[in-house]
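An overview of the molecular structure
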Amino acid sequence: MKILKRPGTDVVLVMIMLLAAVLYGYGIWNDQYANTYYTTAVGSMLQSFHNFFFASLDSAGSVTVDKPPVTFWLQTLSALVFGLHGWSVILPQVLGGVGSVLLVYLLVKPTFGRAAARLAALVMAATPVAAAVSRTNNIDALLVFTLLLAAWFLFRGTRTHRPGSLLAAFGLIGVAFNEKMLQAYMVLPAFYLFYLLAAQVNWKKKTGTLAACTAVLLAVSLSWAVIVDSIPADKRPYIGSSGTNSVLNLAFGYNGVSRLTGDRSTGGAGSGGFSGGMPGMNGMNGMNGEMPDFSGEFPPMDGTGGQGGADGQGTMNGRDSAAGDNQSRDSGGTAPGQDGRGGGMVPGGQDGGRRGEGADGGFGGFGSPNGRGGMNGGGMFNTGTAGPLRLFQQELSGQASWLLPFVLFGSIGILASLRRRSFTRQHKEAIFWLAWLVPVMGFFSIAGFFHQYYLIMMAPPVAALAGAGWSQLWSYYKERQTWLSWLLPAAVLATTVLEVYIIRPYNDTIGSGWSVGILAAGIAMTVVLIILRLLKAVRTKHSWLHAAAVTGFLVLLIGPLYWAFTPIVYGNNSMTPAAGPDSGSPFGMGAMGNMPNIANMPDIANMGGMGGRNNAAGINESLLTYLKEHNTGEKYLFAAMDYGTAGPYIIDEGEQVVILNGFNASDTPYTPATLKELVESGQVKYFLVTSGGMGGMRGGGSSEITEWITANGTEVPAADWQGTQNSGNAGTLYEITLN
């Protein structure tokens, strides 16, 4: 408690950060594997520096994950210190999320004051999508932290005229590029514009400084990519999801322009994709982003779901999530309240290249509350229909849009005093945050390929503008002199209406009390603010006015704060996290209509989600014992077709396992010739072949690999290694020895 007694300590800020720590960190110890794809990579990165540097998915350095390595380096260091667990790879994101709350406070306070900074920090902490994604090992929480740290250096550099701070700011954006590539560059317009407006130097010096900053930005951004691409392909892993085995193609293609166009192919062989909508299932044509009417039954999946059995049949994803609070190693699932939905993916084994988002997500839900999806396949990811009002549609509005009306009124209030000869620091910082927010909103309004949790990019500018805007609206309100004094009650009323719109479709799930209560509280505070504005007797009672203004704002945080708690209350999907009462439901469709009754579909209800890319197959103890007993010096215990099968052995047992595919069908880390070399060198002799499942079994070169294994291998009798494992999960074990 000594920190609370230190002079200058803001106790309110400390309490807000503790709230953020609870929202972001409570219960993460129940998440066994978190996002299995990334956790498998961390397990492999712990095994060698080669794997660590390249962010290799498997022990052999066969293929990388589909994102750059900086976040995974941090997760690996955490796992090195605390051991490899779900919570240890989530911990860096929790810390990054709490750190973002602090940075928002530090960015707002110098210009707008402590009250504005506190409110901004509280908004950042209570942003639902920030809470959802910070509870997982996805990249975005650390991405936002890095960008906010860059903004702090930018603000500091313009105040102190220190070029070193400015270079650090743009260098950190380069670091953020190596966390999630072009998504980091969404803030660049704000950085360039703010420096041009805020720097008190001549244009010649501005031009030189920005040129130097741009050089640092590009040097840091491209450093890892250039190093990796300059290494011969046979000396490094295949670049996952790149389609061409190039980091630069991954950055500017799959993790760049493709996010805007909605093209989920990667440009490689076998990457046909299905960029229009849902892939054909059992002979059905693509559905152009719409969910079909299944009339209470889910269509069969051609036997390609999950791990499959010898006959290629099986459950929807071939594996079940763990039931109850206890995590079973054989289940590979996670406890309720963490990852009960699985990956939210269409079953594996679909023909065509991109069967999903890639490492950072799958088909996290299929559409809007009326059962229809969005255009450009947007409905596949539960991101609504592209258009100017997309962020206010039910699919996305609950993630980060709650306070947008207040931000609008607050921005009007701040910029209303803008004059040519009265261009203050407040105006410049407000323009910075707007230059961050508007392009991000514009992108996600039209983009064809993203997930709900990407909207965490909106959280910092919304939080900063909400806090700063409140400060300015309060100033106008207490002065009572112009029409601007009416902006505060108008902002409270408009924001209340939007929040009720967001909550109301969930009345059947959470009860109507929330929407009715928020509506009543919002209207009541609006009336109070109007009455106090009109009464002359209270003009000098600033304490009354201030209490009403603060309370009016805090009422607006009831809805988003409740939404921020939903990943704890209803469960979270570690692969495609999103906030809301349906955050723990299959497909994220708690408010959707025209969908089959999940309760009557035990394969889905038990596994917690369609396709289950995030549901690891679990460890078969009999298989593990057999492989260890019959290992004759091979480096790798066995080779698996997908990360869902290999992951538990790498994560839980620390075994070295080869993964023959990346996340999608266009990844071709092996050919029959290179696989033959691997066997002949005595590095591996056992191959577990499974049907469908994760990692693109049927596209690209994977069918050739499977044919080579079955043609050259000897099938090991199931009785020797399967034990009591469900045959639907087991696959077929082959032994290959080449002379």
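Scoring rules and cut-offs
Residues numbered from 1 in each chain as written. Predicted model: local features only at pLDDT ≥ 70, side-chain atom pairs only at ≥ 80, totals over all residues. Heavy atoms only, no water. Helix = DSSP H or I, 4+ residues; strand = E, 2+ residues; numbered from the N terminus. Buried < 20%, exposed > 50% of the residue type's maximum accessible area, 1.4 Å probe, protein only. Contact = heavy atoms within 4.5 Å. Areas by Shrake-Rupley, 256 points an atom, 1.4 Å probe, with all protein chains shown as cover. Patch = residues over 30% accessible without salt bridge, like charges linked within 9 Å, V, L, I, M, F, W, Y side chains within 5 Å. Salt bridge = Lys/Arg side-chain N within 4 Å of Asp/Glu carboxyl O. Arc of directions from axis to C-beta. Pairing = 2+ DSSP bridges. Axes fitted to C-alpha atoms, helices over the stretch in contact; angles between N-to-C directions. Expected span 1.5 Å × (residues − 1). Parallel < 35°, antiparallel > 145°, perpendicular 65-115°, else oblique. Left-handed = near helix turned anticlockwise from the far one by under 90°. Nonpolar A, V, L, I, M, F, W, Y, C, P; charged D, E, K, R; others polar. Phe/Tyr/Trp six-rings, centres within 6.5 Å; stacked < 30°, edge-to-face > 60°. Lys NZ or Arg CZ within 6 Å of the ring centre and 35° of its normal. pLDDT = per-residue confidence, 0-100. Core = buried A, V, L, I, M, F, W, Y, C linked by side-chain atoms within 4.5 Å. Polar contact = N/O pair within 3.5 Å; in protein donor to acceptor, adjacent residues only side chain to side chain.

1. Thoughts on the overall build of the protein
From N to C terminus, the protein includes 29 helices and five strands. Here the protein holds 739 residues, and the buried ones make up 62% of them. For the protein, the proportion of contacts with a sequence separation of at least 24, taken over those separated by at least 6, is 72%. Total accessible area on the protein is roughly 25,400 Å²; 59% of this is exposed by carbon and sulfur atoms.

2. A few points about a nonpolar patch on the surface
A grouping of L493, V497, L519, I523, V527, I531 and L535 is seen on the molecular surface, where their side chains present a nonpolar patch of about 540 Å² in accessible area. For the nonpolar patch, the elements supplying multiple residues, two or more each, are α18 (487-503) and α20 (513-534). Ranked by the residues each element gives to the nonpolar patch, the list is headed by α20, at four residues. Summarising the element assignment, L519 is placed in helix α20.

3. Overview of helix α11 (residues 188-198)
Working note: α-helix, 3.6 residues per turn, so residues spaced by three or four point in the same direction. Taken together, the buried positions of α11 are L188, A190, F191, F194, Y195 and A198. On an axial view of α11, the arc spanned by its buried residues comes to 160°, and they lie on one face.

4. Some details on the sheet that holds strand β3 (residues 686-689)
Strand order in the open sheet formed by five strands is β2-β1-β3-β5-β4, and the pairing between neighbours is mixed. At either margin of the open sheet sits one strand with a lone partner, and together these are β2 (657-659) and β4 (714-715). Two strands pair when backbone bridges link them, and β4 and strand β5 (residues 732-735) are joined in this way by two bridges, in the antiparallel orientation. Paired with T714 across the bridge in β5 is E735. Strands in contact with helix α25 (residues 643-653) are β1 (638-640), β2 and β3; relative to β2, the strand with the most contacts, it is inclined by about 160°.

5. Digging into unusual backbone geometry
Unlike most non-glycine residues, A55 shows phi in positive territory, near 60°. Looking at A55, the relative accessible area reads 0%, which means it is buried. Although it is not a glycine, H161 sits at a positive phi angle of roughly 60°. Along the chain, the position of H161 falls in the loop between α9 (140-160) and α10 (163-180).

6. Some remarks on helix α2 (residues 11-25)
Given a rise of 1.5 Å per residue, 15 residues ought to cover 21 Å, and the 21 Å separating the end C-alpha atoms of α2 matches this to within 8%. Taken residue by residue, α2 has L13, V14, I16, A20, L23, Y24 and G25 as its buried positions. Positive phi shows up at G27, right after α2, with a value of about 85°.

7. Looking at the pattern of salt bridges
Counted according to the given criterion, the structure contains seven salt bridges. The salt bridge involving E429 is made with R159; its shortest N-O contact spans 3.1 Å. Of this pair, E429 sits in helix α16 (residues 425-446) while R159 sits in helix α9, placing them 270 residues apart in sequence. By relative accessible area, E429 is classed as buried at 0%. A network of salt bridges, in which partner residues are shared, links R159, R425 and E429.

8. As for the packing of helix α3 (residues 36-45) against α25
Packing of α3 against α25 leaves a shortest axis separation of 9 Å and a crossing angle of 45°. Relative to α25, the element α3 lies oblique. As for how α3 packs across α25, the hand of that crossing is left-handed. Across the interface between the two elements, T36, Y37, T39, T40, G43 and S44 from α3 touch Y643, G647, I650 and I651 from α25. When grouped by side-chain class, the residues that make up the contact of α3 with α25 number four nonpolar, six polar and no charged.

9. Describing the packing of aromatic side chains
By the definition in use, this model includes 37 aromatic pairs. Three or more aromatic residues joined by ring pairs make a cluster, and in this case those are F155, F170, F191, Y192, F194, F432, W433 and W436. The cationic tip of K180 hangs over the ring face of Y454; the distance from NZ or CZ to the ring centre is 3.5 Å. In this arrangement the basic side chain of K428 is found over the ring face of F423, its NZ or CZ atom lying 5.3 Å from the centre.

10. Digging into the pairing of β5
Pairing of β3 with β5, which is carried by four bridges, proceeds in the antiparallel orientation. In the strand pairing of β5, Y686 is matched with E735.

11. A look at the pairing of β3
Side-chain direction in a regular strand flips from residue to residue, so the side chains alternate between the two faces of the sheet. Here β3 shows no split at all, with Y686 and L688 on one side and F687 and V689 on the other all buried. With two bridges joining them, β1 and β3 adopt parallel strand pairing. Opposite A640, over in β3, you have L688 as the bridge partner.

12. Examining the packing of α16 against helix α17 (residues 459-479)
Where α16 meets α17, the closest approach of the two axes is 9 Å, and the angle between their N-to-C directions is 145°. The way α16 lies across α17 gives a crossing that is left-handed. Contacts from Q426, A430, W433, L434, W436 and L437 in α16 reach P460, P461, V462, A464, L465 and Q472 in α17. Class assignment of the residues belonging to the contact of α16 with α17 gives a composition of 10 nonpolar, two polar and no charged.

13. A short note on the confidence of the model for the protein
With 76% of its residues at a pLDDT of 70 or more, the protein has an overall mean of 82. Throughout residues 586-613 the model reports pLDDT below 50, and contacts reaching past four residues in sequence, or to other chains, amount to 99 contacts. Of the regions scoring below 50 in pLDDT, residues 693-701 engages in 46 contacts with residues more than four places distant in sequence or in other chains.

14. Structural notes on the nonpolar core
Inside soluble globular proteins, nonpolar side chains tend to come together where they are buried. Of all hydrophobic cores here, the largest spans 144 residues; its most connected members are Y24, F191, F432, W436, M457 and M458. Considering each element in turn, this core owes the most residues, 12 residues, to α17. With residues up to four places along the chain from it excluded, the contact list for F432 reads A151, L154, F155, A190, F191 and F194. Ranked by size, the runner-up nonpolar core spans 34 residues in total, among them V63, I139, I619 and I659.

15. A short note on the side chain of S397
Relative to the assigned elements, S397 resides in helix α14 (residues 394-400). In this structure S397 comes out as buried when scored by relative accessible area, which is 0%. Apart from the residues within four sequence positions on either side, S397 is in contact with L391, F392, W402, Y501 and I502.

16. What about the side chain of T690?
Within the secondary structure, T690 is located in the loop between β3 and α27 (702-712). Here the side chain of T690 touches D642 through a polar contact of 3.3 Å, side chain to side chain.

17. Section: the environment of A646
In this fold, A646 is placed in helix α25. Distance from A646 to Q656, taken between C-alpha atoms, is 9.1 Å for residues 10 residues apart in sequence. Not counting the four nearest positions on each side in its chain, A646 is found in contact with A640, V657 and I659.

18. Re the environment of L545
Here L545 shows up in helix α21 (residues 542-555). In this structure L545 comes out as buried when scored by relative accessible area, which is 0%. Along the primary structure L545 and K478 are separated by 67 residues, whereas in three dimensions their C-alpha atoms are 6.9 Å apart.

19. Looking at the environment of W563
Secondary-structure assignment places W563 in helix α22 (residues 558-569). A residue is classified by how much of its surface remains accessible, and W563, at 1% relative accessible area, is buried. A sequence separation of 15 residues divides W563 from A578, and the C-alpha atoms of the two residues are 9.8 Å apart. In contact with W563, other than residues within four places in its own chain, are P128, G398, W402, I503, Y506, I510, A579, G580 and P581.

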